[in-house]
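# Structure at a glance
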Amino acid sequence: MDTIFRRLAGGLAFALASAGGYAASLTPPELAAEVIRSTPIKSAARVEATVATDARYTYFVWYKQGEGSVAKARADTQKLVRATLSALVKQGVKPAEDWKFIHAHGVEEVRGETRKMAAELGDAAYNFTTDQIEFKPPSLK
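Now for a quick tour of the structure. (Residues numbered from 1 in each chain as written. Predicted model: local features only at pLDDT ≥ 70, side-chain atom pairs only at ≥ 80, totals over all residues. Heavy atoms only, no water.)

## Some thoughts on the sheet that holds strand E3 (residues 101-111)
On the basis of which strands lie adjacent, the open sheet formed by 5 strands has the order E1-E2-E3-E4-E5 and mixed pairing. Edge positions in the sheet fall to strand E1 (46-52) and strand E5 (132-136), since each has one partner strand and no second. Across the sheet, the axes of successive neighbouring strands diverge by a mean angle of 25 degrees, strand direction being ignored. Pairing of E3 with strand E4 (residues 116-127), which is carried by 9 bridges, proceeds in the antiparallel orientation. Bridged to His 105 within E4 is Asp 123. Seen against the sheet, helix H2 (residues 28-38) touches E1 and strand E2 (56-63) and runs at an angle of roughly 160 degrees to E1. (Pairing = 2+ DSSP bridges. Helix = DSSP H or I, 4+ residues; strand = E, 2+ residues; numbered from the N terminus. Axes fitted to C-alpha atoms, helices over the stretch in contact; angles between N-to-C directions. Contact = heavy atoms within 4.5 Å.)

See below:
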């Protein structure tokens, strides 16, 4: 009898996770990885989560040299922050009340004289006091 209840519970958990898109039991690193996987950013060379904790999520959107722009960075970083907010809300989190820090930085790989470097294109951040996503190009920092 115990096995039947476990199977039913497992099936219910799978159904709820499938319906909502995110399982309620994802750890912050798992949630960040799922956000990256389910939020395609075609113009970027790569997207990575450098921090994923209960309070903070930080992403980097990397563009190849000559392929990045402030406009692309604005669209792509805001998309990642918005997807993270959506995933947290689906898990029952209230980002504004729980003070969630979510940042996504847009950077372009550039070649320096002696090494590869990163040119900042801007970043999007969730402001929990206003419950808004704000973008700052490099000139406003």
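## Concerning the pattern of salt bridges
Counted according to the given criterion, the structure contains 3 salt bridges. Its salt-bridge partner being Glu 34, residue Arg 37 comes within 2.4 Å of it at the nearest N-O pair. Taken together, the positions of Arg 37 and Glu 34, both in helix H2 and 3 residues apart, correspond to about one turn of that helix. With a relative accessible area of 60%, Arg 37 lands in the exposed category. Glu 34 sits in the buried class, given a relative accessible area of 18%. Across the pair Glu 109 and Arg 46 runs a salt bridge, and its minimum N-O distance is 2.5 Å. With Glu 109 in strand E3 and Arg 46 in strand E1, this pair connects stretches of sequence that are 63 residues apart. (Salt bridge = Lys/Arg side-chain N within 4 Å of Asp/Glu carboxyl O. Buried < 20%, exposed > 50% of the residue type's maximum accessible area, 1.4 Å probe, protein only.)

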